[in-house]
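Observations on the three-dimensional arrangement
Residues per chain are reported as follows:
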Amino acid sequence: MPRPIILFSGTWSDLPLEELAQRTSEWGYQGVELCCWGNHLEVQRALAEPDYCRTRLELLARHELSLTVLSNHRVGQAVCDVIDARHQRLLPDYVWGDGDPDGVQLRASEEMAATIRVAQKLGVGVVSGFSGSPIWSYVAGYPGPTLEVVAKGLAEFARRWDPLLDVCAECGVRYALEVHPGQIVFDYYSAEMALDALRGREEFGFTLDPSHLHWQGIDPVEFIRRFPDRIFHVHVKDVMLTLNGRSGILNSYLPAGDPRRGWDFRAPGRGGIDWENVIRALHEIGYAGPLSVEFKDGLMDRDAGAEEARQFVQRLDFEPNSSRDLNAKSSGSAWT
């Protein structure tokens, strides 16, 4: 069967899960990628209350929806980021605390460990999220980093995430870092560096969202082929470049939806990504996980857009040729 089509609930975190589940089922989705903010999934309640996980699964089952992925991007960002006032709006009050950076990072790590344990309780095999980065401010900045600064930043990332990957190994859960600007992994070569820093730990891989690669000039197909065993999860979101001689890819401090930006997100199929080749590359590596629609299009009604996106993905995906060996691996470092 073609891959399950699920909906990333983060775009609807303002709605109660019961209401979103009903809509998601009506739009024709088969499951959800459940975010750990709003009231969709509360990590500490899931650990402390014996019936919480069961009732969450029953709620989804009433609407014939599966749960295969948890998302905790917001808290993951604080694990090894340089903490400042921007992080307060991302984090639960009990993680932010008094805002002392060392304490925030420690509590964020504890919350991510708890998220992984909740995934195990729910029978979910993948947690998707961010990592933060101690060296993101150096990207395209001045003065540029020395090789020693980059190496130190990667070592800091590994020091903070290794214990969380130990929890993953204990729980039988994999962590899918979304390849995204602002993270330790944001493109092809930074992915190689992060894997080397982690010594190729099998619990660590990627959430592929082609929209974050396309505007950087990176072909997501090349990324898929380079990391065939590390694509743990896939987001479906489109993007359009509108470079007109005045706009640029750094977007001039302009918010999402501003027509002066050099790029902006679009509903799936309404941007510039070659989704046909992305799907074919996923077939090549034997990816059988879900395709998770992350709807972001500032000029389109989100409910209508979500339903259209499901229809687009359903038309796009197709049954692979089972007579071929689609699990060919790329050559590369020792961790491939």
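Notes on the structure follow. (Residues numbered from 1 in each chain as written. Predicted model: local features only at pLDDT ≥ 70, side-chain atom pairs only at ≥ 80, totals over all residues. Heavy atoms only, no water.)

With that settled, consider the overall build of the protein. Helix and strand content of the protein: 12 helices and 10 strands. Rg of the C-alpha trace for the protein: 19 Å, near the compact-globule value of 20 Å for 336 residues, within the 12% margin. Principal-axis analysis of the C-alpha atoms places the extent of the protein at approximately 50 × 50 × 45 Å. Put simply, 78% of the contacts in the protein that link residues at least 6 apart link residues at least 24 apart. Looking at the protein as shown, the accessible area adds up to about 15300 Å², and 52% of this sits on carbon and sulfur atoms. With 34 positive and 48 negative side-chain charges, the protein shows a spacing of 1 Å between the two charge centroids. (Helix = DSSP H or I, 4+ residues; strand = E, 2+ residues; numbered from the N terminus. Rg over C-alpha atoms; globule rule 2.2 N^0.38 Å. Contact = heavy atoms within 4.5 Å. Areas by Shrake-Rupley, 256 points an atom, 1.4 Å probe, with all protein chains shown as cover. Lys, Arg positive; Asp, Glu negative; His and termini not counted. Charge placed at Lys NZ, Arg CZ, Asp CG, Glu CD.)

For the rest of this paragraph, the subject is the pairing of strand S4 (residues 126-129). Covered by surrounding structure in S4 are Val126 and Ser128 together with Val127 and Gly129, the residues of both alternating faces. The pairing of strand S3 (residues 66-71) with S4 spans three bridges and is parallel. Residue pairing in the sheet places Ser71 in a bridge with Ser128 of S4. (Buried < 20%, exposed > 50% of the residue type's maximum accessible area, 1.4 Å probe, protein only. Pairing = 2+ DSSP bridges.)

Turning our attention to unusual backbone geometry. Tyr142 connects to Pro143 through a cis peptide bond whose omega is -5°. Residue placement: Pro143 occurs in the loop between S4 and helix H7 (147-171). Positive phi is not limited to glycine here, since Asn251 has a value of about 70°. The residue Asn251 is located in the loop between strand S8 (238-241) and strand S9 (263-266) in this model. With a phi close to 55°, Ser252 is a non-glycine residue in the positive phi region. Within the secondary structure, Ser252 is located in the loop between S8 and S9. Overall, the relative accessible area of 48% leaves Ser252 in the partly exposed class.

Moving on, we come to the packing of aromatic side chains. Overall, the coordinates contain 13 aromatic pairs when judged by the stated rule. Centroid distance Trp215 to Trp263: 4.7 Å. Interplanar angle 10°. Geometry classified as stacked. Within this pair, whereas Trp215 is found in the loop between helix H9 (210-214) and helix H10 (220-226), its partner Trp263 is found in strand S9, the two being separated by 48 residues in sequence. Owing to a relative accessible area of 12%, Trp215 belongs among the buried residues under this scheme. Connected via pairs of aromatic rings, a cluster forms that spans Phe157, Tyr188, Tyr189, Phe204, Phe206, Phe223 and Phe227. (Phe/Tyr/Trp six-rings, centres within 6.5 Å; stacked < 30°, edge-to-face > 60°.)

Moving on to helix H6 (residues 101-122). Look at H6: 31 Å from first C-alpha to last across 22 residues, which is about the 32 Å you get at 1.5 Å a residue. In the stretch just after H6, Gly123 is the one whose phi turns positive, near 75°. (Expected span 1.5 Å × (residues − 1).)

Before going further, it helps to spend a moment on the side chain of Gln183. Looking at the element boundaries, Gln183 is found in the loop between strand S5 (174-178) and helix H8 (188-197). For Gln183, a relative accessible area of 2% translates into the label buried. Within the structure, Gln183 has its side chain in polar contact with the backbone nitrogen of Ser131 (distance 3.0 Å). Here Gly132 takes part through its backbone nitrogen, which lies 2.8 Å from a polar atom of the side chain of Gln183. Setting aside chain neighbours within four positions, we find Gln183 in contact with Gln77, Phe130, Ser131, Gly132, Ser133, Trp136, Leu177 and Glu178. (Polar contact = N/O pair within 3.5 Å; in protein donor to acceptor, adjacent residues only side chain to side chain.)

Each pair of packed helices can be described by the angle between their axes along with the distance between the axes. Relative to each other, H7 and H8 sit at 55°, their axes nearing to 9 Å. In terms of orientation, H7 and H8 fall into the oblique class. Crossing of H7 against H8: the hand is right-handed. For the pair formed by H7 and H8, the contact residues are Leu154, Phe157 and Ala158 on the first element and Met193, Ala194 and Ala197 on the second. Tallied by class, the residues present in the contact of H7 with H8 amount to six nonpolar, no polar and no charged. (Axes fitted to C-alpha atoms, helices over the stretch in contact; angles between N-to-C directions. Parallel < 35°, antiparallel > 145°, perpendicular 65-115°, else oblique. Left-handed = near helix turned anticlockwise from the far one by under 90°. Nonpolar A, V, L, I, M, F, W, Y, C, P; charged D, E, K, R; others polar.)

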